[in-house]
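Now for the letters of each chain:
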Amino acid sequence: MKFKTWLFALGIAAALPLHAQNVMKLGTATLNDSQHEWMKQFGAMVEKESKGRIKAEIYPLSQLGPIPRMIEQTQFGAIQAWIGPPEFLSGVDIRYQVLSAPGLFKDMAHANRVLQDPKFNSAFLALGDNKGLKGLGLFISGPAAFVARKPIRTVGDLAGMKIRVLAAPLQMAQIRALKATPVPMALGEVMPALQQGTLDAVMSDIPVFQALKYYSVAKYLLATDHALLASTTVISKKWYDSLPPDLQKIVVDSGRKVSEGLYQWAVDDVKKGYEAWVKAGGEIARLDPAAHQALMTQLLPIGTEVTSKRPDEKALFDLLQDAVKRTAR
């Protein structure tokens, strides 16, 4: 009997795969932008490096639910990763909003150097460690801009408008400084609000505007380049902790490599986005150098003013400013 039992157990063991496969669901709200591209590159790299022990499933365009639900699901371990603007994590930790501070970066190249600066990058990615979220990547989306239902040629044209922003005090303070009304709103509600006229404009970047076809209802774009829109990836710490050490290393290393390597793709995406905007019937206005400098001077103090209210947020903002200075060329 013991011999038969041993043979039976041996047969089951032989039928099982050498390593159990881990499913990794990655979700984001957008489509065909740097966030979607990050998921594709990361998923492919992890599958290759893990030799199939991790299988990536990619869900763009909020297929896993609205952004707040995706973040919650990641915290609880129901999905494995969420990719999006860090400002959406302000409810988890207010410090996630610091990259919204205006006037810090010379251009996209400078912004990318700051995001990948080891000292700042590691501190930023660690923000969710005690909230069930492990930071995995930080990368460029694009320079800030506005789209509106009516022509906007100067910053002054934004005065009095109701402008959709992310629900972060740093973004809302910028809009108030421009004498407009900030309106935090879920991404899925933005297009209907523009169509109905309950929103006048949106602050975001061209990859988002183009991918979601805002030109169909708000074709007037003002490229202010006054701030940077970044994206971050957070994974479920519960899921990460369940992985063996070798797979943990593959996940972390892949996140870093994809984030560092995505810069040129993002730059090209911004350029293509502006070209596609015009081809689709949209219009683009840009600030002249004097107007841009005046805007930067006006908005620059906001970062310090907003983040100085909490010591921990001030410390991270100081670290950000230090990285800005060290990486300037």
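Residues numbered from 1 in each chain as written. Predicted model: local features only at pLDDT ≥ 70, side-chain atom pairs only at ≥ 80, totals over all residues. Heavy atoms only, no water.

### Focus on the nonpolar core
Of all hydrophobic cores here, the largest spans 83 residues; its most connected members are Phe120, Tyr214 and Leu320. Per-element tally for this core: the top contributor is helix α14 (residues 311-326), with six residues. Discounting chain neighbours no more than four positions away, the residues touching Leu320 are Val98, Leu99, Leu104, Phe105, Val114 and Phe120. The next biggest cluster of nonpolar side chains, apart from the first, holds 21 residues, and it includes Phe42, Ile83, Leu136 and Ile235. (Core = buried A, V, L, I, M, F, W, Y, C linked by side-chain atoms within 4.5 Å. Buried < 20%, exposed > 50% of the residue type's maximum accessible area, 1.4 Å probe, protein only. Helix = DSSP H or I, 4+ residues; strand = E, 2+ residues; numbered from the N terminus. Contact = heavy atoms within 4.5 Å.)

### Overview of helix α3 (residues 67-76)
What α3 keeps buried is the set Ile67, Met70, Ile71 and Thr74. All buried residues of α3 project into a common sector of 100° when viewed along the axis, lining one side. Against β1 (22-27), β3 (81-84), β4 (133-143) and β10 (228-236) lie the buried residues of α3. (Arc of directions from axis to C-beta.)

### Some remarks on the pattern of salt bridges
Applying the stated rule across the entire model yields 16 salt bridges. Note that Asp253 is salt-bridged to Lys249, the shortest N-O span being 2.6 Å. Taken together, the residues Asp253 and Lys249, both in helix α10 (residues 245-261) and four residues apart, mark about one turn of the helix. Arg256 is the salt-bridge partner of Asp253, the closest N and O atoms lying 4.0 Å from each other. Highlighted residues: Asp253 and Arg256, both in helix α10, separated by three residues, approximately one helical turn. (Salt bridge = Lys/Arg side-chain N within 4 Å of Asp/Glu carboxyl O.)

### What about the confidence of the model for the chain?
Predicted confidence across the chain gives a mean pLDDT of 94, with 94% of residues reaching 70 or more. Note on residues 1-19: pLDDT under 50 across the span, and one contact to partners over four residues away in sequence or across chains. (pLDDT = per-residue confidence, 0-100.)

### So, the layout of surface pockets
Approximately 280 Å³ is the volume found for the largest pocket. Lining the largest pocket are 18 residues, and of these Asn121, Ser122, Leu125, Leu136 and Arg256 lie nearest its centre. Secondary-structure elements contributing two or more residues to the lining of the largest pocket are α5 (118-125), β4 and α10. A per-class count over the lining of the largest pocket returns six nonpolar, seven polar and five charged. A volume near 230 Å³ is recorded for the second largest pocket. Lining the second largest pocket are 16 residues, and of these Ala29, Ser62, Ala186, Leu187 and Gly188 sit closest to its centre. Those elements that provide at least two residues to the lining of the second largest pocket are α3 and α7 (187-196). Of the residues forming the lining of the second largest pocket, the biggest block, five residues, is contributed by α7. Here the residues of the lining of the second largest pocket are counted per class, giving 14 nonpolar, two polar and no charged. (1 Å grid on protein atoms, 1.4 Å probe; cavity = no way out; pocket = protein on both sides within 12 Å on 5 of 7 lines; lining within 4 Å. Points joined across faces, edges and corners; volume = space filled by probe spheres on them. Nonpolar A, V, L, I, M, F, W, Y, C, P; charged D, E, K, R; others polar.)

### Overview of the packing of aromatic side chains
The relative placement of two aromatic rings is captured by the distance of their centres and the angle of their planes. Per the stated rule, a full pass over the model turns up eight aromatic pairs. Connected via pairs of aromatic rings, a cluster forms that spans Phe209, Tyr214, Tyr215 and Trp277. Sitting over the ring of Tyr240, Lys134 keeps its end group 4.9 Å from the ring centre. The aromatic ring of Tyr274 is capped on one face by Arg286, whose charged end is 4.7 Å from the ring centroid. (Phe/Tyr/Trp six-rings, centres within 6.5 Å; stacked < 30°, edge-to-face > 60°. Lys NZ or Arg CZ within 6 Å of the ring centre and 35° of its normal.)

### A few points about the sheet that holds strand β8 (residues 201-204)
As summarised here, the arrangement of the six strands in space is β7-β6-β8-β5-β9-β11, forming an open sheet in which the pairing is mixed. For this open sheet the edge positions go to β7 (181-184) and β11 (283-286), each flanked by a neighbour on one side alone. Here the strands of the sheet are splayed against their neighbours by 25° on average, with no regard to which way each runs. Contacts between helix α6 (residues 169-177) and the sheet are confined to β5 (145-148), β6 (162-165), β7 and β8, with β7 contributing the most and set at about 150° to the helix. (Pairing = 2+ DSSP bridges. Axes fitted to C-alpha atoms, helices over the stretch in contact; angles between N-to-C directions.)

### With respect to the pairing of β1
In terms of strand pairing, β1 meets strand β2 (residues 54-59) through six bridges, oriented parallel. Across the sheet, residue Val23 finds its bridge partner in β2, namely Lys55. The handedness of the β1 to β2 crossover, carried by helix α2 (residues 34-49), is right-handed. Relative to β3, β1 is paired through two bridges, and the arrangement is parallel. Each residue of the ladder has a partner; that of Gly27, found in β3, is Trp82. (Right-handed = clockwise from strand over helix to strand, strands pointing away.)

### Describing unusual backbone geometry
One non-glycine residue, Ser62, adopts positive backbone phi at about 55°. Tracing the sequence through the fold places Ser62 in the loop between β2 and α3. Given the relative accessible area of 28%, Ser62 is considered partly exposed.

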